[in-house]
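A look at the structure
Read off the chains here:
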Amino acid sequence: MSITIQAGIIASPGIRMGEAYVVAGDNTKFPKYTIKDEDAPYELLRLRSAVEKTRQDISEIREQTAQSISSEMSDIFSAHLMFLNDPLFLKQISEEITLKKRNAEWAADKISRAFVESLNAADDDYFRERIADIYDISRRVIANLQKRHTDFISGIEREVILFAHDITPSEAAIMNRQYIQALVTSQGGKTSHTAIMAKALQIPAFVGVKNITFMVKNGDTVIVDAIDGKLIINPDENEISEFGVKYKEFNERQAELTKLTSLSARTLDKKDIFIYGNIDIPQAAESIQSRGAYGIGLFRSEFLFLGDSLPDEEKQFKEYKKVVEAFNPRPVTIRTLDAGGDKILPNGKNRIELNPFLGCRAIRFSIKNKEFFKIQLRAILRASAFGNVKLMFPMISTPDELQQARTITEDVKDSLRKEGIPFDENIQVGIMIEVPSAAINADILARDADFFSVGTNDLIQYLLAVDRINEDVAHLYNHLDLSLLKILKLIVVTAAERDIPLSICGEMAGEPMYTMLLLGFGFRRFSMSPDCMPGIKRIIRSVTIAECENLAKEIMGLYNSEEIENIVRERFKNKLK
Ligand code: PEP
Ligand code: MG
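Below is a summary of the structure that appears in this document. (Residues numbered from 1 in each chain as written. Chains lettered and ligands numbered in written order. Predicted model: local features only at pLDDT ≥ 70, side-chain atom pairs only at ≥ 80, totals over all residues. Heavy atoms only, no water.)

**Observations concerning the site of ligand 1**
Condition: Summary of the distance rule: residues count as near a molecule or strand when at least one heavy atom falls within 4 Å of that molecule or strand. Any N or O atom pair separated by 3.5 Å or less is treated as a polar contact, with the protein-specific requirement of one donor-capable and one acceptor-capable atom, and with residues adjacent in sequence counted only for side-chain atom pairs. In short, Shrake-Rupley with a 1.4 Å probe defines the accessible areas, and a residue's cover is counted only from the protein chains shown. Counting from the N terminus, the helices are the DSSP runs of H or I reaching at least four residues and the strands are the DSSP runs of E reaching at least two. Note on residue classes: Ala, Val, Leu, Ile, Met, Phe, Trp, Tyr, Cys and Pro are nonpolar, Asp, Glu, Lys and Arg are charged, and everything else, Gly too, is polar.
Surveying the vicinity of ligand 1 reveals 17 residues, the closest of which are H193, R300, R335, N457 and R468. At 2.7 Å from an oxygen atom of ligand 1 is found a side-chain nitrogen or oxygen belonging to R300. One of the backbone N or O atoms of N457 is found 2.8 Å from an oxygen atom in ligand 1. Expressed as a share of its isolated accessible area of 290 Å², the protein-covered part of ligand 1 is 100%. When contributions to the shell around ligand 1 are tallied by element, the ones reaching two or more residues are α8 (193-200), β10 (296-300) and α18 (456-464). Partitioning the shell around ligand 1 into residue classes produces 4 nonpolar, 5 polar and 8 charged.

**Side note on the side chain of R468**
To keep things clear, this is the line we draw: Here a residue-residue contact requires only that any non-hydrogen atoms of the pair lie within 4.5 Å.
Residue placement: R468 occurs in the loop between α18 and α19 (482-498). For R468, the side chain forms a polar contact with the main-chain oxygen of T191, separated by 2.7 Å. Side chain to side chain, R468 and D458 meet in a polar contact 2.8 Å long. Ignoring any residue separated from it by four or fewer positions in sequence, one finds R468 in contact with G189, K190, T191, S192, H193, I196, F357, R361, N457, D458, Q461 and Y477.

**Considerations on the coordination of the magnesium ion (ligand 2)**
Operational definition: Here the coordinating atoms are restricted to nitrogen, oxygen and sulfur within 2.8 Å of the metal centre, or 3.2 Å for Na, K and Ca, and because water is not among them the sites may look incomplete.
The magnesium ion (ligand 2) binds to the protein through E434 (OE) and D458 (OD); the donor distances cover 2.0 to 2.1 Å. Taken as a pair, E434 in the loop between β13 (428-433) and α16 (436-440) and D458 in helix α18 lie far apart in primary sequence, 24 residues in all.

**Here we look at the packing of aromatic side chains**
Definition in use: Aromatic contacts are taken between Phe, Tyr and Trp rings whose centres are within 6.5 Å, Trp giving its six-membered ring; a plane angle under 30 degrees counts as stacked, one over 60 as edge-to-face, and the others as tilted. The rule for a charge over a ring is simple: NZ of Lys or CZ of Arg within 6 Å of the ring centre, and within 35 degrees of the ring normal.
As enumerated under the stated definition, the model contains 12 aromatic pairs in all. Judged by centre distance (5.4 Å) and plane angle (90°), the ring pair of F83 and F115 falls under edge-to-face. In this pair, F83 is assigned in helix α2 (residues 71-84) and F115 in helix α4 (residues 104-120), connecting sequence segments 32 residues apart. Taken together, F83, F89 and F115 form an aromatic cluster joined through their ring pairs. Sitting over the face of the ring of F386, K321 holds its NZ or CZ atom 4.8 Å from the ring centroid.

Functional significance is not addressed by these values, which are geometric in nature.
Set out below in structure tokens:
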């Protein structure tokens, strides 16, 4: 029987049909390690939140089952909940953690196995039938604890559609484009780095499809329709033939858009708009060039750090130089490492924190790990001798932080001078504006920054207090929230007053629906992943700045989110006619 799920967030558009490969349930592999004494409270906290998440998942599945199948069937899940609420089960796992110092996954697995063994030995059929339940619950708890599935993903060697609870950006980075036809995760938001990676790899993807790894089985045939937001499990003949039509249409539309490559990004009233590329994966540089971009507006240097070992100065230098030379004389804006948040470095170089997005992330991590930071700065400065490099710091939240980062940069420049190593003495040093405090203090930051680049992905997260990777609050992650629009306007006005070059490089910049509004606010430089460029160019070429300014004015006079969205969407749709 075919099942259609109308849900999730389209992270990367496209449509595919293929065989499901589910990284969860029976496939779950997990790390086993001993923890330090002081980490036990953290491990217990992890366990508690995984159990709580499992409880919510099971309750939701119970409700869905009661509605869509029968209340008898939903009783199975009531039994699961009862077991999960058994204090003995949790107590024993907690003791494994605190007394034996085992990590939570290992402890949960060990205790569930012990329960299974004791039930296996029972004479009673009823007890033996509970084994499957325990097995199911422990897999769910472990899946909720577990965030990494590297072994599975890099080992896939046939065409599949990948389903996972979550994959990290580093796992996304090693995904083999040839085999992973589409990607669906139960966790994540539209601007999570996993979603950004999927887009960069041009893999159709959904994120935030709740409980999907428990609904799809390995080997099921699935259609991922990341155009209309539909997932079809085991489609019938009609659905398969509809898929064929849509697949063809999508590819034809893409080919049409690609034709815009050679045309300029000029508005109807002849204002030139500058389109830059975001590099999230090394292969992106080529497509950015072939799409006729003006340069690189955001080189997310993280991808160099996601492998098994950290890259040394030489390796980094070579990677930067390659791109810088290829783009010369066009600018390449290299952002220093944005570790932390949802990006974990290998070998535990950055700790898992309780509030990673508010913790030792990005420039905070670099300033704290000065020697590490200096290596990256040396590599970037050395590459600046080979073309037009701009240096950019992520997540600046105070003027003091910017000064510290600049002082370290000056120290590195001094050493290079002493060593006689060439670099661009006039290299521009700018910052991401992605924390509300930086936007509000933009006038002060302008004293020490040569340019600004607005990172809406984080700006929205920090402004609205909405975790960008949490699907439970994804509905609150709103690009058209009035507070964001006001702050964007403030940044544009401050940059103009201080004569600071300004660009925008968050996902919002690559979303055609918002282009008119951003032009209306005064943005003229947009940086995005290469696949977004044709769509943005099409809008730019069909508008006048005056009509965009009018739209911005009109929107700023409103306060109802729905009304704002309706007007923005309607104007956008009119341009597609
Ligand atoms: C942003 O926050 O908008 C941004 C471009 O940076 P990242 O998505 O890498 O955090
Ligand atoms: Mg950011």
